[in-house]
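# Structure assessment
These are the residues of each chain, in order.
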Amino acid sequence: MTEYYREDLAYIHDAGHAEFAIESAPGILEILSQNGVGEGLVVDLGCGSGLWARTLVDAGYRVLGIDISEAMIWLSRKRAPEAEFRVGSLFGAVIPPCGAVTAVSEVINYLFDPDNGGRRLLRLFQRVYEALAPGGVFVFDAAGPGQVAQGIVSRSFTEGTDWVVLVEKEEQQRVLTRRISTFRKVGELYRRDDEVHRQRLYEASEIAGELRGVGFEVRTMPGYGRYLLPNAHSAFVARKPE
Ligand SMILES: C[S@@+](CC[C@H](N)C(=O)[O-])C[C@H]1O[C@@H](n2cnc3c(N)ncnc32)[C@H](O)[C@@H]1O
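In what follows, the accompanying structure is described. (Residues numbered from 1 in each chain as written. Predicted model: local features only at pLDDT ≥ 70, side-chain atom pairs only at ≥ 80, totals over all residues. Heavy atoms only, no water.)

Quick look at the sheet that holds strand β7 (residues 163-172) now. If you trace the four strands from one edge of the open sheet to the other, you get β6-β7-β8-β9, paired in antiparallel fashion. Of all the strands in the sheet, just β6 (154-159) and β9 (189-200) have a single pairing partner and so form its edges. If you compare each strand with its neighbour and ignore which way they point, the axes differ by 15 degrees on average. Bridge count for β7 against strand β8 (residues 175-186) is ten bridges, and the pairing is antiparallel. By the bridge assignment for β8, V164 is matched with F183. Against the sheet, helix α1 (residues 7-16) contacts β7, β8 and β9, and its axis sits at roughly 90 degrees relative to β8. (Pairing = 2+ DSSP bridges. Helix = DSSP H or I, 4+ residues; strand = E, 2+ residues; numbered from the N terminus. Axes fitted to C-alpha atoms, helices over the stretch in contact; angles between N-to-C directions. Contact = heavy atoms within 4.5 Å.)

In structure tokens, the structure reads:
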């Protein structure tokens, strides 16, 4: 069992935080089509519970989803049985030749791997570039500094019919720490689990510069199509020139 997005948080993310994947999907489909990627294989890094993979399959694409969380991959396989899914880190997994790579909802920010420093991100960009066909695109978003004011610990909760999640957030030196407590109803009782997620926050200009250094043509956007990302987030379309 992996340490992150264990069974209950994966369930809650799927049940209660699906809007990001669902609302960004039409805009990303449009980006693929505008770039001439109308069919073939799309590799979805950090595929979560397979919401975006389901949309891709319905639109006629072949999909390979990769996620570090076994619980997420289990949900993905149920949601999109036509697609292929693998448990693994996007910083190490083999990315096969494809027309597009996606990483939706802050996937590249997570510090789940022991060594997810700047060089690993650059190496990821190089691996994606190598895997893409000429004209292919890497579409993703990232969180930047300014998620929480310095010195502040922000606390919030969200609830569904059979779960509650409490989150404490703190930002220090471009690292966001989220302490997450989940309570999920199992039978008559609520089961508690706790996870701590850390994310490195990147300036959009820093990411765009690294992508250009690898050879990509880069467009930075406030969202995917009509779906605007939350404050201090940016979306990127990195195209491999033909
Ligand atoms: C906020 S969720 C987004 C899931 C999905 N893309 C969506 O939009 O619903 C972030 C996902 O990234 C995955 N993730 C984070 N770091 C990862 C890594 N190094 N390798 C693979 N997956 C990773 C997590 O397990 C989680 O499923």
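From this point on, the discussion continues.
Okay, the pattern of salt bridges next. Applying the stated criterion across every chain yields a total of 18 salt bridges. For the salt bridge of R191 with E7, the shortest nitrogen-to-oxygen distance reads 3.7 Å. Remark: E7 occurs in helix α1 and R191 occurs in strand β9; sequence separation between them is 184 residues. A residue is classified by how much of its surface remains accessible, and R191, at 34% relative accessible area, is partly exposed. With a shortest N-O distance of 3.6 Å, D113 and R120 are connected by a salt bridge. Classification of R120 as partly exposed rests on a relative accessible area of 26%. In the salt-bridge network here, residues are joined through shared partners; they are E7, D8, R184 and R191. (Salt bridge = Lys/Arg side-chain N within 4 Å of Asp/Glu carboxyl O. Buried < 20%, exposed > 50% of the residue type's maximum accessible area, 1.4 Å probe, protein only.)

This part takes up the site of the ligand. The environment of the ligand is made up of 20 residues, and the closest members are G46, D67, L90, V104 and D113. Between S89 and the ligand, the recorded distance is 3.3 Å, taken from a side-chain N or O atom to a nitrogen atom. Measuring from a nitrogen atom of the ligand, one finds a side-chain N or O atom of D113 at 2.8 Å. Protein burial of the ligand: of its 580 Å² of free accessible surface, 98% is covered by the chains. (Near = heavy atom within 4 Å. Polar contact = N/O pair within 3.5 Å; in protein donor to acceptor, adjacent residues only side chain to side chain. Areas by Shrake-Rupley, 256 points an atom, 1.4 Å probe, with all protein chains shown as cover.)

Let us look at the environment of G50. Among the secondary structure elements, G50 is positioned in the loop between β1 (41-45) and α3 (51-58). G50 gets classed as buried once you look at its relative accessible area, which sits at 0%. Those residues within four positions of G50 in sequence are excluded, and the remaining contacts are S76 and R79.

A word on the pairing of strand β5 (residues 132-143). Counting buried residues in β5 gives ten out of twelve residues, a clear majority hidden from the surface. With five bridges joining them, strand β4 (residues 98-103) and β5 adopt parallel strand pairing. The partner of A103 across the bridge, within β5, is F140. Direction of pairing for β5 relative to strand β13 (residues 233-239): antiparallel, over a ladder of seven bridges. When the sheet's bridge partners are listed, V139 is paired in β13 with V237.

The next point concerns the layout of surface pockets. Space left empty within the atom packing is revealed by a probe, the size of a water molecule, rolled over the atoms. The calculated volume of the largest pocket comes to roughly 1,100 Å³. Every residue lining the largest pocket is counted, 48 residues in all, and those nearest its centre are Y5, H13, S105, E106 and Y110. Those elements that provide at least two residues to the lining of the largest pocket are α1, α2 (19-34), α3, β2 (62-67), β6, β7 and β8. Residues belonging to the lining of the largest pocket are distributed by class as follows: 25 nonpolar, 16 polar and seven charged. The residue makeup of the lining of the largest pocket includes at least three contributed by each of domain 1 (7-144 + 202-239) and domain 2 (154-199). (1 Å grid on protein atoms, 1.4 Å probe; cavity = no way out; pocket = protein on both sides within 12 Å on 5 of 7 lines; lining within 4 Å. Points joined across faces, edges and corners; volume = space filled by probe spheres on them. Nonpolar A, V, L, I, M, F, W, Y, C, P; charged D, E, K, R; others polar. Domains from an automatic or database assignment.)

It is at 10 Å that the axes of α2 and α3 come closest, and there the two elements cross at 40 degrees. The orientation of α2 relative to α3 falls into the category oblique. For the element pair α2 and α3, the recorded crossing hand is right-handed. For the pair formed by α2 and α3, the contact residues are A21, I22, A25, I28, L29 and L32 on the first element and L51, W52, T55 and L56 on the second. Its residues placed into classes, the contact of α2 with α3 shows nine nonpolar, one polar and no charged. (Parallel < 35°, antiparallel > 145°, perpendicular 65-115°, else oblique. Left-handed = near helix turned anticlockwise from the far one by under 90°.)

Interpretation in functional terms is not warranted from these geometric data alone.
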